[in-house]
Structures are given as structure tokens and as C-alpha cells.
Amino acid sequence: ESWIKLFNGKSLKGWSIHSGKATYAVEKGTILGTAVQTKPQANTFLCTDREFGDFVLEFEVKCDVDLNSGVQFRSQIAPKEMEFKATNREGKEILRKIPPDRVYGYQVEIGTKKSGNSGNVYDEARRGRFLDDFKDRPAARDALKDGEWNKYRVEAVGDSIKTSVNQVPCADFKDSVTSKGTICLQVHGIPPDKFKPYQVRWRNIRVQEVKR
């Protein structure tokens, strides 16, 4: 009884689109996200109007193999142009700029089995890197099933963040940059030379708040 359904299977009430131009629709009890060709390419997010702090989030997702996706949590929507300090691949500190309405923050990755990153947590548009290391976690790298429905679970309590894909433990780390925020469904931008109207579907999206 303590679970809150974020999607009633009939409408997108309680959600709003930010950052990009991808489309979202309700189809056969699922939320269907479809990539749209834009220039420059941009990621798009369907975000809950409500914010959540400590919680357990569960959802099922089915993604076209050639479309990268993810689900944001404890994320924010930029009210204006913003700058973040980040470290690039060479270890040099840089300033990362994002435009107004850009979604940023924690994102649990929905990739491919080959990528080996599904279930890891990426810091979208902020630090721009994965926050855990799957190098020595072969089970986590192999948890996602390409082209099938996959069940995700995210536990965010205090600075502890844990995820699983199809009941396989994946990310497990501590980070306290953001303690509360929105939950968003991502449709990734597609480069113009590789564009197709790729799609991703979600269902059974629910959250359980944790009181400490």
C-alpha cells in the first residue's frame, strides 16, 4: 500500500517534457518515447512534477537496441544557463555549461548488453561520467537483456545509491551531491547521420518513499 504509482497506464498526468523535442505517448498501458531528428541533437526527458528524496524506485523498460536511454532520479531542471565544474578524460578541470530547461543529475543507465553499463549511474549534464566501476562486476555488465523487457530497481537513501537490473545487483556507491529531485524518463538524442525514429517503452513505474 505504500507504493506510489507514477503512471496510471492511461495518461501522462503528473509529468512534463523538458530539454528536447522527442515525443511521449501512452500506448497499450505503456509510456512510449520516440526519438525526433533535431539539430543540434538533444536528449529529452519526461519528468515527474513531484520531487522525491529517499526512496525505492521500480520500473520495467524495453528499448530499441540502437537507442541509449536512462531514468533520472534526484534530478533538477535548470531554471537558467548554469555552469558546473567537471574533470575531463585527461584529468583536467573544466567548466560545463548547460542551457535553461536542461535536466541534470543522477541517471540509471539503460544501454545494451555490449556496452556493459546498464544499471550503472551516470551524472547527466553535470560531472558527465559514471559514478561506479563495473570492471570487476561481470554479472552486472551482463544483466540487461537486449530488446526485451527489463526490470530496474533504484534505492536512494541518504548518500547510499544502489541499483539492480533483473534482480542482479549493479551499482552500489555513496554520493551526496543531490539529496532530492525529480524522476525523468530519457529519450537520447541521435546523431543526424544515424537517425531513425528509435523508441523506448516503460511500464509499471512505481516509487516507495523511505522515512529516516
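All values reported here derive from a predicted model rather than from experimental measurement.

Participant: What exactly am I supposed to notice about the overall build of the chain here?
Facilitator: Broken down by element type, the chain carries 1 helix and 16 strands. In summary, the chain has a C-alpha radius of gyration of 16 Å against a globular reference of 17 Å for 212 residues, a match within 12%. Across its three principal directions, the C-alpha atoms of the chain cover 45 × 40 × 35 Å. In the chain, which comprises 212 residues, the share counted as buried stands at 47%.

Participant: Please explain the environment of Tyr 198 as it appears in this structure.
Facilitator: Mapped onto the elements of the fold, Tyr 198 is located in the loop between strand 15 (182-187) and strand 16 (199-209). Tyr 198 sits in the buried class, given a relative accessible area of 12%. Measuring from C-alpha to C-alpha, the distance between Tyr 198 and Ile 94 comes to 32 Å, with 104 residues separating the pair along the chain.

Participant: Sorry, what's going on with the nonpolar core here?
Facilitator: Most often, soluble globular proteins have nonpolar side chains that are buried together. Membership of the largest hydrophobic core comes to 43 residues, with the highest contact counts inside it found for Leu 57, Phe 59, Val 71, Phe 73, Leu 185, Trp 202 and Ile 205. Those elements that provide at least two residues to this core are strand 6 (55-63), strand 7 (69-77), strand 10 (103-110), strand 12 (150-157), strand 13 (160-165), strand 14 (168-174), strand 15 and strand 16. When residues in this core are grouped by element, the largest group, 5 residues, is from strand 6. Here Phe 73 is in contact with Phe 55, Tyr 106, Gln 107, Val 108, Val 121, Val 154, Ala 156, Ile 161, Thr 182 and Ile 183, once residues within four sequence places are set aside.

Participant: Even after reading the chapter, I still don't get the pairing of strand 6, so can you show me in this structure?
Facilitator: Remember that side chains alternate between the two faces of the sheet whenever the strand is regular. Counting buried positions along strand 6 yields 8 of 9 residues, so the element is predominantly enclosed. As paired elements, strand 6 and strand 12 share 7 bridges and run antiparallel to each other. If you follow Val 56 over to strand 12, its bridge partner there is Glu 155. Inspection of the sheet shows strand 6 paired to strand 16 by 8 bridges, in the antiparallel sense. If you follow Leu 57 over to strand 16, its bridge partner there is Val 207.

Participant: Sorry, what's going on with the sheet that holds strand 7 here?
Facilitator: Two orientations exist for strands paired in a sheet by backbone hydrogen bonds: parallel and antiparallel. Read across the sheet, 6 strands follow the order 2-5-15-7-10-11 without closing on themselves; strand pairing throughout is antiparallel. Edge positions in the sheet fall to strand 2 (15-18) and strand 11 (121-124), since each of these pairs with one other strand and no more. Strand-to-strand twist across the sheet, computed as the mean angle between neighbouring axes with direction ignored, equals 30°. Bridge count for strand 5 (residues 44-48) against strand 15 is 4 bridges, and the pairing is antiparallel. Paired with Leu 46 across the bridge in strand 15 is Leu 185.

Participant: For this particular structure, what's the right way to read the environment of Lys 194?
Facilitator: Structurally, the position occupied by Lys 194 is in the loop between strand 15 and strand 16. Along the backbone, Lys 194 and Arg 153 are 41 residues apart, and their C-alpha atoms lie at a distance of 31 Å.

About the cut-offs
Residues numbered from 1 in each chain as written. Predicted model: local features only at pLDDT ≥ 70, side-chain atom pairs only at ≥ 80, totals over all residues. Heavy atoms only, no water. Helix = DSSP H or I, 4+ residues; strand = E, 2+ residues; numbered from the N terminus. Rg over C-alpha atoms; globule rule 2.2 N^0.38 Å. Buried < 20%, exposed > 50% of the residue type's maximum accessible area, 1.4 Å probe, protein only. Core = buried A, V, L, I, M, F, W, Y, C linked by side-chain atoms within 4.5 Å. Contact = heavy atoms within 4.5 Å. Pairing = 2+ DSSP bridges. Axes fitted to C-alpha atoms, helices over the stretch in contact; angles between N-to-C directions.

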